Amino acid sequence: MAKYVVMNGNMAAAMGAKFCRPDVIAAYPITPQTPIVEYLAQFIAEGELDAAFSEVESEHSAMSVIQGAALAGGRTFTATSSQGLALMYEPYFRTSTLRLPVVMAIVNREMISPQTVWGGPQDSLTLRDAGWIQLYCEDNQEILDTIIQAYKIAENSEVLLPVNVCFDGFYLSHMAEKVEVPDQELVDEFLPPYYNCHIKLDPQEPISVDPLTPGSLLIEYRQKHMEAMQRAVEVIKSVDIEFGKVFGRCYGGLVADYRLEDADYVIVTLGSMTGAAKEAVDLARDKGIAVGVLRVRALRPFPVDEIRKKLMGRRAVAVVDRNVSFGWGTGILYQEICSALYGISSTPIPILPYIGGLGGEDLTIDMFNKVIDDLKKAGPYSENITTRWLIRGESK
Amino acid sequence: MSLVTELCNKEDLLSPGISSCIGCNVELTLRTVLKVLGPNTILAIPPGCMGGVGVVGWGKTTGAKVPVFFPLLDNVASMLAGIKLYYEKIGRDVNVVAFAGDGATVDAGLQCLSGAAERGDKIIYICYDNEGYMNTGFQRSASTTKGAWTSTTPVGEASRGKKQHKKDLPLIMAMHDIPYVATATPAFMLDLVRKVEKAKSIKTGLAYIHVYNPCPTGWGFLPAMSIHMSREAVKTGLFPLYEVENGKFRLNYKEKKSDVKSYLRNMKKFAHLSDEEIDEIQCKIDEKWSRLLYLDGLLIGSDGGN
Amino acid sequence: MKDFIAPIGEELYIISTGDWRTHRPVKDDNKCNQCGVCALYCPTGSIKYDEGKKFWINLDYCKGCGICEVECVRKAIIMVEEEGRKNG
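Quantities reported herein were computed from a predicted structural model and do not represent experimental measurements.

Visitor: Looking at this structure, I do not really get the overall build of chain B. What am I missing?
Guide: Helix and strand counts for chain B stand at 12 helices and 11 strands. Here the C-alpha atoms of chain B give a radius of gyration of 19 Å, agreeing with the 19 Å that 2.2 N^0.38 yields for 306 residues. Along the longest, intermediate and shortest principal axes, the C-alpha atoms of chain B span 60 × 45 × 40 Å. Taking all 306 residues of chain B together, 62% fall into the buried category. Taking as baseline every contact in chain B between residues at least 6 positions apart, the subset at least 24 positions apart corresponds to 69%. As presented, chain B carries roughly 10,300 Å² of accessible surface, and 55% of it is formed by carbon and sulfur atoms. Side chains of chain B give 36 positive and 32 negative charges; the mean places of these two sets differ by 3 Å.

In structure tokens, the structure reads:
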């Protein structure tokens, strides 16, 4: 008998973590992630979750406590946002290069300055090269489900990499939606206990962890890490399929598409903006315009093959970024899509760069309508390389 | 059996050949600490002298016979807290120990050490205080004595060495109401061993030991005088030996015999000090000493009813 | 050496620190009263104890720092200059 609860994204994340039975949790509150810490503390206080909870004094310590527990052999969980993620960057990079299968929820929030607390993936996107797997969610159901999938991906012996489950601050973290809550027994079957076999601090089998390393050996470790990241591509797909078989919900693996099969035009999205994009696509389809949405679910590893397959042969593509890449004057996802599509056809597909929805501003259906208009009128690639800004009240 | 034969009979859990400077009493301290703690120990060595000399190993090797790892300079206490939390959860009693320099403790790692102390994380934190970032070329730390030459507080026309007095971390740790705080130095080895054994037995919170390790290479004196300098530091009152157990302050070594001038003049890092500057240091020592004499026997923190 | 996927170390790393020294400690067993202070303060753990030999100096890893000479109350240890290294 399916159990439905109305809950916000933070609760979905906390609940997802609870079902996975972490041994050690350490998290420091930061808007808009704070309720996750509170919900987890509540679960523990009420005996619903048997985990050691460290009330750490900063995010740097949160990730450090988690690393210690993971090295000792535990399954761990933490969560943070923007400034906290920046503060924990020092141990963050190490978590992946020590091959620790930690799962961390990132409630995406803009980076300061200017002073801001509102949602946007600038925080996690800026750290995309730190070696973690990054999965971006569209709605609260996906948050809960992806946390469970994340442990299965991370702890896979072919992967052994930490996973970020990212979702937009306030849009998802604080908005309530109907979420189906899985059975603990099913989760236990899907996700068996974790055994650290490759980097464990245990007096019964003494080793040193992270000795000073010469360059030739460092290169080896980097290569192995990168190979593991590539193997994660197949693992992310297969875990999603298996999850679908057990729980009845599947998300498309690395990318999720909407009305894409016969689409001439494609809007590429990331995160919760996809909802508004889908509405705009429906309106356009009613008018006979063949447009669809391609949502990038896994940003790392970047799904190059999937993107090429799905975007090949289209007439024009728009990438809507809710973030900036200062040095390029475009968004980050736009650059990644351009790189993926390089050379797939002799005439490059026009790729339209958009930036909007920063600092908590909405990305509205109207804005996506405008994007679709632009797509229809799009000339060749070279005429479409300037970023267009989606700003409320303006039409640039 | 005497202390020394007891120690000699215990297994040396460090590699016999590590590249610390000749006469390094930090190496002596670490070997002794590990003998007291035994093989059921996980050791954290942050970047610094002991990390640099190979205790965590090189390439695919290790420098110790116990599990040992490099935390970051500024998260030693937090990583250990995580390790301890997991072992507690699975019901295994393991010594979880930091052996960190003053850089990682008094400067960069102070936040997480304070957090771990406040939370009552059951780790043993031993700081080896050689008054500076010795491994990387003798840069100053907050634990450097005032007036010292260091590579970042050099002596010249416009500067007379470090401008600030030494940060008193042991008393700061005592104010966290942790069950055990102690100061020690290798010259007083029986005292140091007893304190490590005490720390090992603490089951209710963080145990902190601050060890004073005069550094022949960085401070500029003969390696053979390494233990002598450690002894003189205590006898001049420059580094008092005390412990705070469940809030009760106890001054261990009460004979302040020597004045500090001959001690300071015996090393290069203070060679530039004028008599007035040495007097200032002497005053500070005397002022602190009378304060500690006053505190002796008093309850200065929580009595462990936590 | 084994292949690791993550940076760990297994074999013990030992440097021949005995090769460093310019001076070597020599103990006069007649003056030595077996108090063990030298062993207590030797940083490299080069002064050993066993039932047979009591306190004796193992030169394998001794760096020649001279702490034992300074700390010995009986002045039973003297640091003598190392002979030249043999070839081979």
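Visitor: Is there a simple way to think about helix H6 (residues 110–119) of chain B in this case?
Guide: Counting along an α-helix, one turn takes 3.6 residues, and residues three or four places apart therefore face a common direction. Of all the residues in H6 of chain B, the buried ones are Cys112, Leu113, Gly115, Ala116, Ala117 and Arg119 of chain B. Looking one or two residues past H6 of chain B, Gly120 of chain B carries a phi angle of roughly 80 degrees, positive in sign.

Visitor: Would you explain the interface of chain B and chain C in this entry?
Guide: With 39 residues of chain B at the contact, the number on the chain C side is 34 residues. For the pair chain B and chain C, the summed buried surface comes to about 2,800 Å²; carbon and sulfur atoms form 66% of the total. Our enumeration of links across chain B and chain C arrives at 2 salt bridges. The tally of links between chain B and chain C comes to 14 residue pairs in polar contact (both at pLDDT 80 or more). For the side of chain B that touches chain C, the secondary-structure elements that each account for two or more residues are helix H1 (3–9), helix H2 (25–37), strand S2 (61–62) and helix H10 (226–235) of chain B. Here the side of chain B that touches chain C takes 6 residues from H1 of chain B, the largest share from any one element. In this structure, S2 of chain B lies alongside strand S2 (residues 11–12) of chain C, joined through 2 bridges in parallel fashion. Bridging from a neighbouring strand, Thr61 of chain B pairs with Glu11 of chain C of S2 of chain C.

Visitor: Sorry, what's going on with the environment of His198 of chain A here?
Guide: All names here are of chain A. Inspection of the secondary structure assignment puts His198 in the loop between helix H8 (184–190) and strand S9 (208–209). Given a relative accessible area of 14%, His198 falls into the buried group. In this structure, the C-alpha to C-alpha distance between His198 and Gly73, residues 125 residues apart in sequence, is 9.8 Å. Engagement of the side chain of His198 in a polar contact is seen with the backbone oxygen of Arg99, the distance being 2.7 Å.

Visitor: Would you mind going over the sheet that holds strand S11 (residues 265–269) of chain A with me for this structure?
Guide: Where strands meet in a sheet, backbone hydrogen bonds hold them as pairs that are either parallel or antiparallel. All names here are of chain A. In space, the 6 strands of this open sheet follow the order S10-S12-S11-S14-S15-S16, with mixed pairing throughout. Edge positions in the sheet fall to strand S10 (255–258) and strand S16 (388–390), since each has one partner strand and no second. Ignoring strand direction, the axes of neighbouring strands in this sheet form an average angle of 25 degrees. Pairing of S11 with strand S14 (residues 316–321) involves 4 bridges; the strand directions are parallel.

Visitor: Got a minute to help me understand the sheet that holds strand S7 (residues 163–168) of chain A in this structure?
Guide: All names here are of chain A. On the basis of which strands lie adjacent, the open sheet formed by 7 strands has the order S3-S2-S4-S5-S7-S6-S13 and mixed pairing. If you trace the sheet from one side to the other, it starts and ends with strand S3 (52–54) and strand S13 (298–300), each paired once. Strand-to-strand twist in this sheet, taken as the mean axis angle between neighbours without regard to direction, amounts to 20 degrees. Sheet topology note: the strand S5 (residues 103–108)/S7 ladder contains 6 bridges and is parallel. Bridged to Met104 within S7 is Asn164.

Visitor: Would you mind showing me how to read the pairing of strand S4 (residues 47–50) of chain C here?
Guide: Residues in a regular strand project their side chains so that they alternate between the two faces of the sheet. Side chains Ile47 and Tyr49 of chain C project from S4 of chain C onto a buried face, and the interleaved Lys48 and Asp50 of chain C project onto a face without burial. The hairpin turn running from S4 of chain C into strand S5 (residues 54–57) of chain C, its antiparallel successor, is 3 residues long.

Visitor: What should I look at first to understand the interface of chain A and chain B in this one?
Guide: Residue-level contacts link 41 residues of chain A with 36 residues of chain B. Interface of chain A and chain B: buried area, both sides summed, is about 3,000 Å²; carbon and sulfur atoms make up 60% of it. Contact with chain B buries surface across chain A, with Leu201, Pro203 and Leu212 of chain A losing the most and accounting together for 18% of the total. Applying the counting rule to chain A against chain B returns 21 residue pairs in polar contact (both at pLDDT 80 or more). Take the side of chain A that touches chain B: its biggest share by element is 9 residues, from helix H3 (residues 59–72) of chain A. Of the residues that constitute the side of chain A that touches chain B, the class distribution is 19 nonpolar, 12 polar and 10 charged.

Visitor: Before we go on, may I ask you to explain helix H4 (residues 76–89) of chain B in this structure?
Guide: Residue and element names in this part refer to chain B. For H4, spanning 14 residues, the distance from its first C-alpha to its last is 20 Å, which sits close to the expected 20 Å at 1.5 Å a residue. Burial of H4 is extensive: 12 of the 14 residues sit out of reach of the surface. Following H4 by one or two positions, Gly91 adopts a phi angle in the positive range, close to 75 degrees.

Reading the values: rules and limits
Residues numbered from 1 in each chain as written. Chains lettered and ligands numbered in written order. Predicted model: local features only at pLDDT ≥ 70, side-chain atom pairs only at ≥ 80, totals over all residues. Heavy atoms only, no water. Helix = DSSP H or I, 4+ residues; strand = E, 2+ residues; numbered from the N terminus. Rg over C-alpha atoms; globule rule 2.2 N^0.38 Å. Buried < 20%, exposed > 50% of the residue type's maximum accessible area, 1.4 Å probe, protein only. Contact = heavy atoms within 4.5 Å. Areas by Shrake-Rupley, 256 points an atom, 1.4 Å probe, with all protein chains shown as cover. Lys, Arg positive; Asp, Glu negative; His and termini not counted. Charge placed at Lys NZ, Arg CZ, Asp CG, Glu CD. Buried area = accessible area lost by both parts, 1.4 Å probe. Salt bridge = Lys/Arg side-chain N within 4 Å of Asp/Glu carboxyl O. Polar contact = N/O pair within 3.5 Å; in protein donor to acceptor, adjacent residues only side chain to side chain. Pairing = 2+ DSSP bridges. Axes fitted to C-alpha atoms, helices over the stretch in contact; angles between N-to-C directions. Nonpolar A, V, L, I, M, F, W, Y, C, P; charged D, E, K, R; others polar. Expected span 1.5 Å × (residues − 1).

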